[in-house]
Amino acid sequence: MPMKLFKCDETIPEREKHIYIKEKGEDTTQFLPSAHVETIPGSLSERGCSYCGAKLVIGGVLKDTIQLIHGPVGCAYDTWHTKRYPSDNGNFQLKYVWSSDMKEQHVVFGGEKLLKKAMLEAFAEFPDIKRMMVYTTCSTALIGDDIKPVVKEVEKELGDVDIFTVECPGFAGVSQSKGHHVFNMGWMTDKVGTYEPEITSPYTINVIGDYNIQGDTFVMEKYMEKMGIQIIAHFTGNGTYDSLRGMHRAQLNVTNCARSAGYIANELKKKYGIPRIDVDTWGFDYAKEGLRKIGAFFGIEDRAEAVIAEEVAKYESKLEWYKERLTGKKVCIWTGGPRLWHWTKALEDDLGMHVVAMSSKFGHQEDFEKVIARGEEGTIYIDDGNELEFFEVLEMVKPDLVLTGPRVGALVKKLHLPYVNGHGYHNGPYMGFEGAVNMARDMYNAIYSPLMKLAQSDIRAGQMKTIIAEEKSKLGESEVEQSKSFDITSTEAMPTAVNYAAVESSDLDTQPLLIPDNQPLPQRQQIGGKISAFLEQLPKYLGSFSTEYQMPIICFATIITATIAVKIILAVLDVINEIPQLNLVFELTGIGYLIWFIFRYLFKASTRQELAAQISFIQKEIVEGQDS
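Here the structure is a predicted model, which is why all the values come from computation and not from measurement.

*Asks:* What should I look at first to understand helix α15 (residues 365-374) in this one?
*Replies:* Think of an α-helix as turning once every 3.6 residues; residues three or four places apart then point the same way. Within α15, burial applies to Asp367, Phe368, Val371 and Ile372. For α15, the angular spread of buried residues about the axis comes to 125°, placing them on one side. Buried residues belonging to α15 abut β1 (19-21), α11 (258-272), α14 (339-351), β11 (354-360) and β12 (380-383).

If you want it as structure tokens, here you go:
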């Protein structure tokens with residue numbers, strides 16, 4: 001039976017419907033994992049909420065828009081600055097996030113007045129920004145705050161602003177996919193067709209489902225510019241609010257992430273007759289295929305081939321270099337949804353790697369249908385995988401690398417397995433020809449880095465020298481002694497990663513090794529040992545010093561403390577003296593006390609005798625105290 005129940009899931013047997021292992025000769029459409037359904041109670045889901053899908057994935061990427069979250073401040077903070085979506089206007093969208101900052105009192109009495117106040121304050125603080133998106137959250141949806149009338153009030157009051165409402169609280173769907181759908185359909189209904197863009201080319205497209213992770217969009221823009229194609233709107237990487245309102249003027253919708261943005265492409269086709277083509281822009285061969293599709297649609301195949309030839313000449317040899325070293329390596333892909341089927345064939349065909357396990361957090365069954373059709377026999381496919389299942393899968397397939405997000409990546413690193421960030425990338429962009437090389441570089445660096453192997457060993461017993469020698473021998477003498485690594489970073493704005501393992505390439509540019517040959521490892525180890533020994537003895541040295549010189553230390557500390565106290569008192573007195581009218585108050589207080597003292601003790605003989613008796617008593621106490 002191809003559906004699989006893991007050992008860790010014996011207490012929740014329903015999980016068998018969500019896990020499939022591909023076998024030879026099967027009709028895979030009969031064994032699609034259950035997907036886009038509610039998470040089973042007891043399963044440690046890695047999914048994001050529906051609000052997150054709308055704000056973090058799509059809306060929050062726009063570079064010229066105030067993103068105001070109506071709810072507790074944590075909902076704003078949790079979706080702020082968590083992905084690397086750069087823009088060409090100084091990364092405005094990464095720097096700022098806005099929240100109505102609801103508290104318990106607003107949950108009880110309503111938060112609509114608070115929302116209006118927050119919206120007006122946001123526009124006032126950023127007078128050059130005239131566009132805003134307002135999102136509901138679980139709290140505001142549960143209490144029934146109606147945000148659309150508030151939005152209309154603010155638009156009428158300010159006059160020159162445009163505001164889009166996204167009513168998709170976290171509990172609205174089973175995963176963040178619901179947020180994608182709500183945003184797509186809402187934007188199509190409320191905003192598309194309300195703005196007329198300037199047309200500068202006979203060939204116009206919308207790029208849909210690309211969010212400019214570490215500059216992916218800039219790569220696509222470069223290709224389209226060379227082909228003479230105008231991009232009307234980016235949905236939503238490096239995109240603007242008004243350009244998305246003008247999406248109805250494009251001649252073609254080029255869809256990249258079908259799961260998060262395929263909805264709006266379909267609606268544009270229904271309402272405006274704009275055709276849609278789906279492309280895979282990750283992977284060397286996929287990039288060629290995508291450009292050829294676009295060129296064929298407009299009848300400019302020659303321009304597409306010219307761009308392909310130029311990019312292949314730049315990057316093919318570099319990709320081949322990595323392919324020689326990555327062929328046969330096993331990789332797991334545990335990401336959101338579409339990257340499973342975007343990356344599977346790219347890694348296998350371009351680099352000769354084997355994808356041995358895949359997990360989707362919010363993919364639908366059609367996503368699994370695509371990836372299973374592209375995957376190899378024996379590969380494990382999981383919907384909404386949890387951490388215990390990941391442990392079991394890692395034991396089953398023993399991968400060389402895992403492509404996943406930071407949350408699961410932290411788990412993987414604890415197991416001393418290398419991982420590459422499949423959500424925000426390590427050193428992108430990963431799109432297009434240069435992106436395929438960047439991704440191969442990051443995977444190579446992760447797999448061949450000696451740090452993971454060193455992390456598995458306890459070096460406190462003097463094993464460092466032995467371990468390093470073993471690692472050096474594993475790399476091979478021919479590569480260690482003669483090796484040189486090269487810089488393949490293709491985007492100036494992105495940092496160049498260092499190749500950690502020593503490598504050799506006679507036809508490529510060179511750069512220094514991470515560990516130069518002129519710095520022998522034994523000598524470095526000897527210095528490290530001395531430092532380690534000193535640090536181990538440091539607490540003992542400090543303890544003996546404090547015991548031997550206890551009294552001088554106490555005296556010195558007392559003098560320092562007294563000096564500081566005196567300075568603080570003098571400073572306080574100086575501050576008090578500077579307070580207006582305070583001297584007059586003190587003088588009046590002193591005069592008042594003097595008058596009281598005279599009337600109390602000096603006017604009558606009896607009171608004078610009483611005062612003299614008290615003085616005599618005090619003197620006696622002082623003298624007796626001194627004698628005793």
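Let us keep going from here.
*Asks:* So what exactly am I meant to see when it comes to the packing of aromatic side chains here?
*Replies:* Describing an aromatic ring pair means giving the distance of the ring centres and the angle of the ring planes. Tallied over the full model, the rule gives 29 aromatic pairs. Judged by centre distance (6.3 Å) and plane angle (80°), the rings of Tyr51 and Tyr135 are edge-to-face. On the criterion of sequence distance, the pair formed by Tyr51 in helix α1 (residues 50-58) and Tyr135 in strand β4 (residues 131-136) is long-range, its members being 84 residues apart. Given a relative accessible area of 4%, Tyr51 falls into the buried group. Judged by relative accessible area, which is 1%, Tyr135 ranks as buried. Site record: aromatic cluster; members linked through ring pairs are Phe164, Phe183, Trp187, Phe235 and Tyr241. The ring of Trp321 has Arg325 sitting right over it, with the charged end atom 3.8 Å from the ring centre. A cation over an aromatic ring shows up here: Arg600 above the ring of Tyr601, its NZ or CZ 4.5 Å from the ring centre.

*Asks:* Can you walk me through the pattern of salt bridges in this structure?
*Replies:* Opposite charge on two side chains makes pairing possible when the charged atoms of those side chains draw close. A complete count under the given rule lists 33 salt bridges for this structure. A salt bridge links Arg259 to Glu366; the shortest N-O distance between them is 3.1 Å. Residue Arg259 is found in helix α11, and its partner Glu366 is found in helix α15; the two are separated by 107 residues along the sequence. Classification of Arg259 as buried rests on a relative accessible area of 6%. A residue is classified by how much of its surface remains accessible, and Glu366, at 41% relative accessible area, is partly exposed. Across the salt bridge formed by Arg374 and Asp280, the nearest N and O atoms sit 3.5 Å from each other. Here Arg374, found in helix α15, pairs with Asp280, found in the loop between β9 (276-278) and α12 (284-298); they are 94 residues apart in sequence, far enough to count as distant. Its relative accessible area of 24% is what places Arg374 among the partly exposed residues. In the salt-bridge network here, residues are joined through shared partners; they are Arg131, Asp162, Lys191, Asp242 and Arg245.

*Asks:* Would you take a moment to explain the sheet that holds β11 for this structure?
*Replies:* Pairing between sheet strands relies on hydrogen bonds along the backbone, with the strands arranged either parallel or antiparallel. With respect to topology, six strands assemble into an open sheet ordered β1-β12-β11-β10-β13-β14, the strand pairing being mixed. The open sheet is flanked by β1 and β14 (419-421), the only strands paired with a single partner. The sheet shows a mean angle of 15° between the axes of neighbouring strands, taken without regard to direction. Across four bridges, the pairing between β11 and β12 is parallel. Note on β12: the bridge partner recorded for Met358 is Tyr381.

*Asks:* I tried to follow the packing of helix α9 (residues 216-227) against α12 on my own but got confused; where do I start?
*Replies:* When two helices pack together, their arrangement is given by the angle between the helix axes and the distance between those axes. One way to put it is that α9 packs onto α12 with a least axis distance of 12 Å and a crossing angle of 35°. In this structure, α9 meets α12 at a crossing whose hand is right-handed. Contact residues: Tyr223, Met224 and Met227 in α9; Leu291, Ile294 and Gly295 in α12. Across the contact of α9 with α12, the residue classes break down as five nonpolar, one polar and no charged.

*Asks:* How do you make sense of empty space enclosed by the protein when you look at a structure like this?
*Replies:* Over the atoms rolls a probe the size of a water molecule, and in doing so it shows where empty space is left. Tallied over the entire structure, the rule returns three cavities of 30 Å³ or more. The calculated volume of the largest cavity comes to roughly 110 Å³. The wall of the largest cavity is formed by 15 residues, among which Lys55, Gly60, Thr79, His81 and Gln93 lie closest to the centre. Taken together, the elements giving at least two residues each to the lining of the largest cavity come down to α1 and α3 (92-95). Residue composition of the lining of the largest cavity, grouped by class: seven nonpolar, six polar and two charged.

*Asks:* How should the sheet that holds strand β3 (residues 98-99) be read in this particular structure?
*Replies:* With parallel pairing, four strands are arranged side by side in an open sheet as β3-β2-β4-β5. One side of each edge strand has no neighbouring strand; the edge strands of this open sheet are β3 and β5 (162-166). Packed onto the sheet, α1 meets β2 (66-70), β4 and β5 and runs at close to 165° relative to β4. The strands that helix α8 (residues 177-190) touches are β4 and β5; relative to β5, the one it contacts most, it runs at about 145°.

*Asks:* Explain unusual backbone geometry to me, please; I cannot follow it from the model alone.
*Replies:* Trans is the common state for peptide bonds, and a negative phi is the common state for residues other than glycine. Cis geometry is adopted by the peptide bond preceding Thr236, which originates at Phe235 and carries an omega value of 5°. Inspection of the secondary structure puts Thr236 in strand β7 (residues 230-236). For the bond from Gly428 to Pro429, the omega torsion is 5°, close enough to zero to count as cis. Inspection of the secondary structure assignment puts Pro429 in the loop between β14 and α18 (432-448). Of note, Gln214 is a non-glycine position whose phi angle comes to about 50°, a positive value.

*Asks:* Please explain a nonpolar patch on the surface as it appears in this structure.
*Replies:* On the surface, Leu584, Leu588, Ile591, Ile595, Phe599, Leu602 and Phe603 cluster together into a nonpolar patch covering about 710 Å² of accessible area. Within the secondary structure layout, Leu602 lies in helix α24 (residues 582-602).

What counts, and at which threshold
- Sequence positions are assigned chain by chain, starting from 1 and proceeding in written order.
- Since the coordinates come from a predicted model, pLDDT governs what is reported: local features require at least 70, and pairs of side-chain atoms require 80 or more to be given and counted, while whole-chain, interface and lining totals use all residues.
- Calculated side-chain values reflect all of the structure's heavy atoms, with hydrogen atoms and water omitted.
- A simple rule labels every residue: compare its accessible area, found with a 1.4 Å probe on the protein chains alone, to the largest value its type can have, and call it buried under 20%, exposed over 50%, or partly exposed in between.
- Every helix listed is a DSSP run of H or I at least four residues long, and every strand listed is a run of E at least two residues long, numbered separately from the N terminus.
- In this description, one arc is meant: the one made by directions from the helix axis to the C-beta atoms.
- In what follows, a contact means two residues having at least one pair of non-hydrogen atoms within 4.5 Å.
- By convention, a stacked pair of Phe, Tyr or Trp rings (six-membered ring in the case of Trp) has centres within 6.5 Å and planes under 30 degrees apart, an edge-to-face pair has planes over 60 apart, and any other such pair is tilted.
- Criterion for a charge above a ring: Lys NZ or Arg CZ within 6 Å of the ring centre, and within 35 degrees of the ring normal.
- In what follows, salt bridge is the name for a side-chain nitrogen of Lys or Arg lying within 4 Å of a carboxyl oxygen of Asp or Glu.
- DSSP-based pairing: two strands are paired if at least 2 bridges between them are found.
- Angles here are taken between N-to-C directions and fall from 0 to 180 degrees, while the axes themselves are lines fitted to C-alpha atoms, restricted in helices to the stretch in contact.
- We call a crossing left-handed when the near helix sits turned anticlockwise from the far one by less than a right angle, and right-handed when that turn is clockwise.
- Gly is placed with the polar residues, together with every amino acid not listed as nonpolar (Ala, Val, Leu, Ile, Met, Phe, Trp, Tyr, Cys and Pro) or charged (Asp, Glu, Lys and Arg).
- Each cavity reported here is a set of points on a 1 Å grid over the protein atoms alone in which a 1.4 Å probe fits but cannot get out, each pocket an open set with protein on both sides within 12 Å along at least five of seven lines, and each lining residue one with an atom within 4 Å of a point.
- Grid points are joined across faces, edges and corners, and a volume is the space filled by probe spheres set on the points.
- A patch is a set of surface residues, each over 30% in relative accessible area and not in a salt bridge, joined within 9 Å for like charges and within 5 Å for the nonpolar side chains Val, Leu, Ile, Met, Phe, Trp and Tyr.
- Calculation of accessible area relied on Shrake-Rupley with a 1.4 Å probe; when residues are assessed, cover is drawn exclusively from the protein chains displayed.

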